[in-house]
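A look at the structure
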Amino acid sequence: MAAVVRNGVQLSWDLRRSAAAVLRMLAVAAAYFVSGRLGLLQQIVVADAKVTPLWPPTGIALTCLLLLGVGIWPGIALGAFLVIVSISPLHPASFGIVAGNTLAPVAAYLMLRRAAFRLELDRLRDGLALVFLGALAGMLISATVGSGVLWLSGSVPGKEFLATWSAWWTGDAMGVLVVTPLLLALRAFRPPEEREPFDWVEPLALLAGTVGVTLVATNSSLGLLFLVFPVLIWAALRFQLIGATPCVLVVSVLTIGAAVDHRGPFAHHGVLATMTILQALNGSAALTGLLLSAIITEQQGMYRRIEQACIGLTRVVARLAPGENGTHWPPPEDGGQ
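Quick look at the structure, then. Residue positions are given per chain, counting from 1 as you read along its sequence in written order. Reporting of local features is limited, given that this is a predicted model, to residues whose pLDDT is at least 70; pairs of side-chain atoms are given and counted only at 80 or more, and all residues count toward the totals for whole chains, interfaces and linings. Each side-chain value is derived from all of the structure's non-hydrogen atoms; neither hydrogens nor water enter the calculation.

1. Considering the overall build of the protein chain
Helix and strand counts for the protein chain come out as ten helices and two strands. Secondary structure elements follow DSSP: runs of H or I no shorter than four residues count as helices, runs of E no shorter than two count as strands, and numbering proceeds from the N terminus. When the helices and strands of the protein chain are listed from N to C terminus, the series reads α-β-β-α-α-α-α-α-α-α-α-α. Sorting the 337 residues of the protein chain into buried and exposed places 42% on the buried side. Note on definitions: a residue-residue contact is assigned when non-hydrogen atoms from the two residues lie within 4.5 Å. Restricting to contacts in the protein chain with at least 6 residues of sequence separation, those with at least 24 account for 73%. Under the convention used here, a 1.4 Å probe and the Shrake-Rupley method define accessible areas, while residue burial counts only the protein chains that appear. Summed over its atoms, the accessible surface of the protein chain is roughly 17,800 Å², and 68% of this surface lies on carbon and sulfur atoms. Categorising residues by exposure relies on relative accessible area from a 1.4 Å probe, with only protein chains included: less than 20% of the type maximum marks a residue as buried, more than 50% marks it as exposed, and the intermediate range marks it as partly exposed.

In structure tokens form, the structure reads like this:
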């Protein structure tokens, strides 16, 4: 009887665990599909292939893998399949695109795990790993497989293969660079327990300034896109990742809108020139915010560790020499006068 009870309890536990895993996969698929539909609102047609300068599902897929593990990959595949069937009839090339869009974030996750990537993004090496392994290297798979199957199916002529591949790769890479740091920053963000209303003035001013500066830069034909970088540097220095990533997202979305509408610095340019200008700006903005935030966070962590070590050393000295006044740290600025 006891064995039956134990088996029943084990079966019930296994069923609940399986149901939870299925629900997680469905949630990942839903997030992938919704973000994909949003990403398709701003798209560029290259040789009859629809590509987006910013493809958010890659960032969402990689974040889900980092948080939930590689076992949720069927949810990514299902989400990619739903996006494809929602915009075009199903054909054999569609399954190749689904495979590429699934393998790319999985490969990026495995490389980041191999590099001992930390979700806090509190080291420069974590920022560099996300850029070069997660975004640039990992997304080579989706771009190559996707463009390749479209070329084999005849949807993309050979002379347009490189343009399609480059647009696909940069869109997927930008999804990782823009979306993944933002989601990881929101996950780790803990607002201070005691916060005065005035403390919200600077973050709101920063966000409003980012919107204003980007609108001016993207609606002017004078080539003023560089104006966004002081704002991004301000965000990274003052608020690190939680401040820089929303500003990078705002810059990317507004500049993509200007590029799609051929406004400002994107006017009178062809598709290739427009994509080059757009990805140079968005890539530089994402790198500036991400790497500068990682450097500042790493330095602050080092300062805290040094301070804790000094406090511990002071307490040890106080125990060894109880007659000395060595319990105060840090020392007064006037040298104890």
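Right, picking up where we left off after that structure.
2. Let's talk about the packing of aromatic side chains
When two rings of Phe, Tyr or Trp (its six-membered ring) have centres within 6.5 Å they constitute a pair, described as stacked for plane angles under 30 degrees, edge-to-face for angles over 60, and tilted for the intermediate range. Taken as a whole and assessed by the stated rule, the structure comprises three aromatic pairs. Look at Trp 151 and Phe 161: their rings are 6.5 Å apart centre to centre, the planes differ by 65°, and that puts the pair in the edge-to-face class. Remark: Phe 161 occurs in helix H7 (residues 161-188) and Trp 151 occurs in helix H6 (residues 139-152); sequence separation between them is ten residues. Taking relative accessible area as the criterion, Trp 151 reaches 45% and is therefore assigned partly exposed.

3. Some words on H6
Along its 14 residues, H6 runs 20 Å from first to last C-alpha, staying within 8% of the 20 Å computed at 1.5 Å per residue. All of the buried residues in H6 are Met 139, Ser 142, Ala 143, Gly 146, Ser 147, Gly 148, Val 149 and Leu 150. In the segment just after H6, Gly 154 is the residue with positive phi, at about 90°. To estimate the expected span of a helix, count its residues, drop one, and scale the result by 1.5 Å.

4. Observations concerning the nonpolar core
Side-chain atoms within 4.5 Å link the members of a nonpolar core, which is a set of buried Ala, Val, Leu, Ile, Met, Phe, Trp, Tyr and Cys residues. Counting 69 residues, the largest nonpolar core has Leu 62, Leu 66, Phe 117 and Leu 130 as the members making the most contacts within it. In terms of residue count, the dominant contributor to this core is helix H9 (residues 228-261) (twelve residues). With sequence-adjacent residues up to four places away left out, Leu 130 is seen in contact with Leu 62, Leu 112, Phe 117, Leu 121, Ala 135, Val 176, Thr 180, Pro 181 and Leu 290.

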